[in-house]
Amino acid sequence: LPQLPEERYKCTLCVDCKGDFVYLFGGINTEINNKDNDNEDVVKILRMNLLKQLIWENLVVKNYQKNATINRTSSGAFTFKNFEDYIFIVGGEDSNENPLDNAIRFSIKNLTFESTGVKLKNSAKFINQNGINLNEQVHCLIDSLNNIHLIERQDCLPIDYHPDEI
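All of these numbers come straight from a predicted model, not from anything done at the bench.

A word on the sheet that holds strand β10 (residues 112-124). Here four strands make up an open sheet; going across it, the order is β7-β8-β9-β10 and the pairing antiparallel. One side of each edge strand has no neighbouring strand; the edge strands of this open sheet are β7 (77-81) and β10. On average, each strand axis in the sheet is tilted by 20° relative to the strand beside it, whichever way the strands run. Where β7 and strand β8 (residues 86-91) come together, five bridges link them in antiparallel fashion. In the sheet register, Ala-77 faces β8, and the bridge partner there is Gly-91.

Structure, rendered in structure tokens:
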């Protein structure tokens, strides 16, 4: 992939279901200085079309509110695109490295973030983006504390985990 337009670390990547696009969410940029902190959360969402020119496109989010909508670096989050035009960002950590227990969704069509109201049983920072996709309907994820989370793919709903049922 080509170089990013600005420094960014602790971000997360999502590839859409068909593999046409890659989306990059969040991150921290140490080149931006502010009065309160040496680091600054990156608010830009980047998209790249993998079938055409490999150029990062900056998406303008219509309802972005710092510290309200996407108060997270997206580091340690699990992301996936459902069968519609939404990308879900589940768990992860905020810019102070506190694990999160919620999920938000990004509308690709409207370029907006929406709260899902979904809460995980435990705050979770996921150790990798590779959840096991059970029969195309459920993601099985392992967080940094080795807890197992089952997430229903269409609406991002947590499913209670019962080891004897899998």
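We are not done yet, so read on.
Within the secondary structure, Glu-93 is located in the loop between β8 and β9 (100-107). Here Lys-10 takes part through its side chain, which lies 3.1 Å from a polar atom of the side chain of Glu-93.

This next bit is on the pattern of salt bridges. One pass over the full model with this rule turns up eight salt bridges. We note a salt bridge from Lys-10 to Glu-93, for which the minimum N-O separation is 3.1 Å. Pair noted here: Lys-10 is in the segment before β1 (12-15) and Glu-93 is in the loop between β8 and β9, with a separation of 83 residues, a long-range link. The partly exposed category is assigned to Lys-10, whose relative accessible area is 26%. In this structure Glu-93 comes out as buried when scored by relative accessible area, which is 2%. Between Lys-10 and Glu-97 there is a salt bridge, with its nearest N and O atoms 2.6 Å apart. Here Lys-10 is found in the segment before β1, whereas its partner Glu-97 is found in the loop between β8 and β9, with 87 residues between them in sequence. Within this structure, Lys-10, Glu-93, Glu-97 and Lys-125 form a network of salt bridges that share partners.

This part covers the nonpolar core. Phe-25, Ile-45, Ile-87, Phe-106 and Phe-113 are the most contacted members of the largest nonpolar core, which has 14 residues in total. Breaking this core down by element, the ones donating at least two residues are β2 (21-25), β8 and β9. Counting 13 residues, the second-largest nonpolar core is a separate cluster that includes Phe-78, Phe-80, Ala-124 and Ile-151.

Attention now moves to the sheet that holds β1. The strand order across the open sheet built from four strands is β1-β2-β5-β6, with neighbouring strands paired in antiparallel fashion. Two strands in the sheet have a free side with no partner beyond their single neighbour: β1 and β6 (57-59). Shown here is a sheet whose adjacent strand axes are inclined to one another by a mean of 25°, direction ignored. Both β1 and β2 contribute to a ladder of four bridges, which runs antiparallel. Pairing of Val-15 across the sheet is with Val-22, part of β2.

Once that is clear, we can look at a nonpolar patch on the surface. A cluster of nonpolar side chains, namely Leu-1, Leu-13, Val-15, Leu-50 and Leu-54, defines an oily patch on the protein surface of about 440 Å² accessible area. Within the fold, Val-15 resides in strand β1. Note on Val-15: relative accessible area 44%, which makes it partly exposed.

Scoring rules and cut-offs
- Residues numbered from 1 in each chain as written.
- Predicted model: local features only at pLDDT ≥ 70, side-chain atom pairs only at ≥ 80, totals over all residues.
- Heavy atoms only, no water.
- Pairing = 2+ DSSP bridges.
- Helix = DSSP H or I, 4+ residues; strand = E, 2+ residues; numbered from the N terminus.
- Axes fitted to C-alpha atoms, helices over the stretch in contact; angles between N-to-C directions.
- Polar contact = N/O pair within 3.5 Å; in protein donor to acceptor, adjacent residues only side chain to side chain.
- Salt bridge = Lys/Arg side-chain N within 4 Å of Asp/Glu carboxyl O.
- Buried < 20%, exposed > 50% of the residue type's maximum accessible area, 1.4 Å probe, protein only.
- Core = buried A, V, L, I, M, F, W, Y, C linked by side-chain atoms within 4.5 Å.
- Patch = residues over 30% accessible without salt bridge, like charges linked within 9 Å, V, L, I, M, F, W, Y side chains within 5 Å.
- Areas by Shrake-Rupley, 256 points an atom, 1.4 Å probe, with all protein chains shown as cover.

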